[in-house]
Amino acid sequence: MAVTTITAGRPKSPRKSSDRHRRGVSRWIILALVTIAALAMLVPFVFMLLNAFKSPGDYSTGGPLSWPSEFYTKGLSNYWHQVNFPLKLWNSLLIAGSVAVLGVVVSLLNAYALGIGRVKGRLWIVGLFLLANMLPQEALIYPLYYAAKQVGLYNTQLSVIIIFTVIQSAFGTYLLASVLSTFPKSVLEAASLDGAGKWTVLWRVVFPNLRPTLAVLLIFFFIWTWNEFLIPLVMLIDNSTQTIPVALASLQGDRLMDAPTTNAGALISLIPAVLFFIIFQRTLSRGITAGAEK
Amino acid sequence: MGRFRKLGVAVALAAIAGTTLAACGSDDGGAAEGSDAKVLKLWHYESENSAMGIAWDKAIEIFKTEHPGVQVTFERKAFEQIQQNAGMIINSDEGPDIMEYNKGNATAGLLSSQGLLTDLTEEATKRGWDKELSPSLQTTARYSDKGVMGEGNWYGVPNYGEYVMVYYNKDLFDKNGIAVPTTYDEFTQAMDKFVAKGITPLAEAGAEYPAGQLFYQLALSKADRSFVDNYQLYKNPVDFKADPLKYGAETFADYVAKGYVSKESASLKAEDMGTAFISGKAPMIVSGSWWYGRFKDEMKANWDSFLFPGNKFSAGSSGNLWVVPTSSKAKSLAYDFIDITMRPEIQALIGNNGGVPVKADASQITDPKNKKLIENFNTVSSQDGLAFYPDWPVPGYYDVLVSGFQSLINGSKTPDQVLDAIAKPYDDGVKEITGK
């Protein structure tokens, strides 16, 4: 396990307490700024919460800012039943989970070849990956549709999993390849002197060192894929294969919108992602600070 | 580490299991023309408690009793999904056998010109749909081989209609001692009285469709059928600098100048306009029948509607269409289903739930307010007065109109400049479509 703690850069001084007093004012200012920023970020969530428990009539009369006149939970249950939420949740978990794992594996293998294996023209290859990542999905959608139809994967979750594994691992490869190109040569040489093959080096030397970074990638891939809308919308046409963001869109009609139900839906749909984040939050912060060890 | 790997394997396995199951599930074979098909895959995107949703549920029920042994797999879709992907969906084997689809050149017209929709002409004459729908309703059901609506083969069948009217808040009229107008002069007088009392009489929404529809509605007061045909069906070139469009833009500017429409509404959305009316802030709005059900559910004040005074023509059209994709595996079942939706009992169900059925017998409608809605529609429809929507003629015109009338509301452009701004994209678009 990589060292993950960061030690404060300042030397410890014996006059610690007076230091704190001296910095008193600026500390409070920073605290206030952070609080304001945090509150500002919470505002949309507060609105969502407020409107999720409002009846449509209440919303139309009082507007989005008013306090609900009754505690209305029908929006939540309507959304749950209308879209068959447990099924959508499973689909989303399946797709985002598979993509996260597969994406990380593919990224690692690619990056190992590019960053440590030093393949010829790797700069171009990495550039190509980056390009693939930057292409707008709208430009990809028709080719993907025809390809999926040809191989009989249209309207299956597998098509979405494959597409996103490729898209996400393009970014992952780019990132990991640059991380690995700075991997200490001495460690690799020592390993091969001990008789380790390429495969062993990857799993016994490179992988353990990269684990925090990989964990972050895993979480990012999961959340990014979870939030994807366009490709699932196009590729998954049956209600039984759709994901949560697509289900959420089904609440919006041609000319009418149902704001309270949409808010209720957003609230339910948000919970899994928030839970996921809370569970892996430690891994995330560990991974981000992993670079600080050097 | 070990947990990490196990989780990964589990997820990957689950992925494979899930997708193979899905692949097996969707693999149901069917006969070509489909009279012996055992499954009818039906999609629409009306919400469960809307008039159409209720009526079509009933239609499905009737269909099931009349076709024992046929399984109906119904899915409620997202409007967005159908709007964006209908072409891709029905160009595959995974699409439905029958579905609801948007009317208009850019949607049903486009797909029909690509050969993705089944020609329903024969069924329409055989089953009498062509006699049950008025000419202006048929306009959106028929498309030329280039996908231009109005003439040609039948590619869809509408069940319901929609039209633009004036909704008013009775309580606000009573409270301010203002009489409900019946003529156009009384209409403007009533608005003057509201302005004098410091109330903006018309809620508007410059950032979305309502402003363009108000402009069109005003223009239509000086229009005849040939204008509508020219503007919507490209029969002849349209002069934007002459009436009726000139009148529409100038009167609109006049409404803003006189305070009938608030300058602040330039940036408002349709939803804001609707909630302003529901909450009793605005005495009137000019908008479509799609609001009706919502007002009925949510509005506490007394309200009612009347046709835009003095107009023979109103913005409006048939509703969305039932279409049968060329890839449908159960075509004859699909025709049977459409036929059921045209029956009086289903049509009455649409009407009794606040929708506008295409061939309603108003005497079957019990609620007086619903009855009025339908009678007004029948008035417009029977005098061939549905004039469609201003943004229909050319692709992308919606945004042109929105930005045009936004600048008219906030006063950054004169009516003349706005007409110039909206004329060019129209002319270019029409040129592209007709090739002239």
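Rules used throughout
Residues numbered from 1 in each chain as written. Chains lettered and ligands numbered in written order. Predicted model: local features only at pLDDT ≥ 70, side-chain atom pairs only at ≥ 80, totals over all residues. Helix = DSSP H or I, 4+ residues; strand = E, 2+ residues; numbered from the N terminus. Buried ≥ 20, exposed ≤ 12 C-beta atoms within 10 Å, placed from the backbone. Contact = placed C-beta atoms within 7 Å. Domains from an automatic or database assignment. Nonpolar A, V, L, I, M, F, W, Y, C, P; charged D, E, K, R; others polar. UniProt positions renumbered as here; feature names shortened; annotations may be inferred. pLDDT = per-residue confidence, 0-100. Axes fitted to C-alpha atoms, helices over the stretch in contact; angles between N-to-C directions. Parallel < 35°, antiparallel > 145°, perpendicular 65-115°, else oblique. Left-handed = near helix turned anticlockwise from the far one by under 90°. Pairing = 2+ DSSP bridges.

Caption draft 1: Structural view of the overall build of chain A. When helices and strands are tallied, chain A shows 13 helices and zero strands. Split into buried and exposed, the 294 residues of chain A put 34% on the buried side. The contacts of chain A with a sequence gap of at least 6 include a subset with a gap of at least 24, amounting to 76%.

Caption draft 2: A look at the domain arrangement of chain B. Residue and element names in this part refer to chain B. Under the domain assignment, chain B is made up of domain 1 (33–160 + 319–360) and domain 2 (162–316 + 386–434). The gap between the C-alpha centroids of domain 1 and domain 2 is 30 Å. Across the contact, twelve residues belong to domain 1 and ten residues belong to domain 2. Broken down by secondary-structure element, the contributors of at least two residues to the side of domain 1 that touches domain 2 are helix 4 (105–113) and helix 7 (135–138). Counted by class, the side of domain 1 that touches domain 2 contains five nonpolar, seven polar and no charged residues.

Caption draft 3: Quick peek at the UniProt feature "transmembrane region" (unreviewed entry) in chain A. Residues and elements named next belong to chain A. In this structure's numbering, the residues bearing the UniProt feature "transmembrane region" (unreviewed entry) are residues 28–50, 89–111, 123–146, 158–180, 201–226 and 264–280. Across residues 89–111, the secondary structure splits into 100% helix and 0% strand, with the terminal C-alpha atoms separated by 32 Å. The span residues 123–146 shows a helical share of 92% and a strand share of 0%, and its end C-alpha atoms are spaced 31 Å apart.

Caption draft 4: Region of the structure containing the confidence of the model for chain A. Residue and element names in this part refer to chain A. Of the residues in chain A, 88% reach a pLDDT of 70 or more, and the chain-wide mean stands at 82. Highest mean pLDDT in chain A belongs to helix 5 (residues 85–116) (91); lowest belongs to helix 1 (residues 16–22) (54). The model gives residues 1–14 a pLDDT under 50, and that stretch makes twelve contacts with residues more than four places away or in other chains.

Caption draft 5: Inspection of unusual backbone geometry at higher detail. Residues and elements named next belong to chain B. Between D243 and P244 the backbone carries a cis peptide bond, its omega angle lying at 5°. With respect to the element layout, P244 can be found in the loop between helix 11 (225–233) and helix 12 (245–257). One non-glycine residue, Y234, lies in positive phi territory at about 60°. Relative to the assigned elements, Y234 resides in the loop between helix 11 and helix 12. Judged by the 19 C-beta atoms lying within 10 Å of it, Y234 is partly exposed. Backbone geometry at D384 places phi at a positive 55°, although glycine is not the residue there. Structurally, the position occupied by D384 is in the loop between helix 17 (368–382) and helix 18 (397–409).

Caption draft 6: Quick peek at the environment of A:T225. All names here are of chain A. You can see T225 is positioned in helix 10 (residues 198–227). Among the residues examined, T225 registers 26 C-beta atoms within 10 Å and is labelled buried. Residues T225 and A215 lie ten residues apart in sequence; the distance between their C-alpha atoms is 15 Å.

Caption draft 7: Broad picture of helix 13 (residues 270–278) of chain B. For helix 13 of chain B, the buried fraction is high: seven of the nine residues fall into the buried class. Every buried residue of helix 13 of chain B is listed here: B:A270, B:M273, B:G274, B:T275, B:A276, B:F277 and B:I278. Tucked inside the fold, the buried residues of helix 13 of chain B contact helix 3 (56–62) of chain A together with strand 7 (161–169), helix 10 (209–220), strand 8 (284–288) and helix 14 (292–298) of chain B. Note on helix 13 of chain B: the residue one or two positions beyond its end, B:G280, has a positive phi of about 85°.

Caption draft 8: The packing of helix 6 (residues 122–134) of chain A against helix 8 (residues 157–180) of chain A, seen in detail. All names here are of chain A. Two numbers describe how helix 6 lies on helix 8: the axes approach to 8 Å, and their chain directions differ by 140°. Here helix 6 is positioned oblique relative to helix 8, judged by the angle of their axes. The crossing of helix 6 and helix 8 is left-handed. Taken together, the residues of helix 8 that come into contact with helix 6 (itself represented by V126, F129, L130, A132 and N133) are I167, A170, F171, T173, Y174 and A177.

Caption draft 9: Expanded view of the pairing of strand 3 (residues 98–101) of chain B. All names here are of chain B. A two-sided burial pattern is seen for strand 3, the buried positions comprising I98 and E100 on one face and M99 and Y101 on the other. Summarising the sheet, strand 1 (residues 39–44) and strand 3 pair through two bridges and their orientation is parallel. Bridge pairing in strand 3 links L42 to I98. As defined by bridge partners, strand 3 adjoins strand 11 (residues 321–323) across three bridges and the pair is classed as antiparallel. Each bridged residue has a counterpart across the sheet, and for E100 the counterpart in strand 11 is W322.

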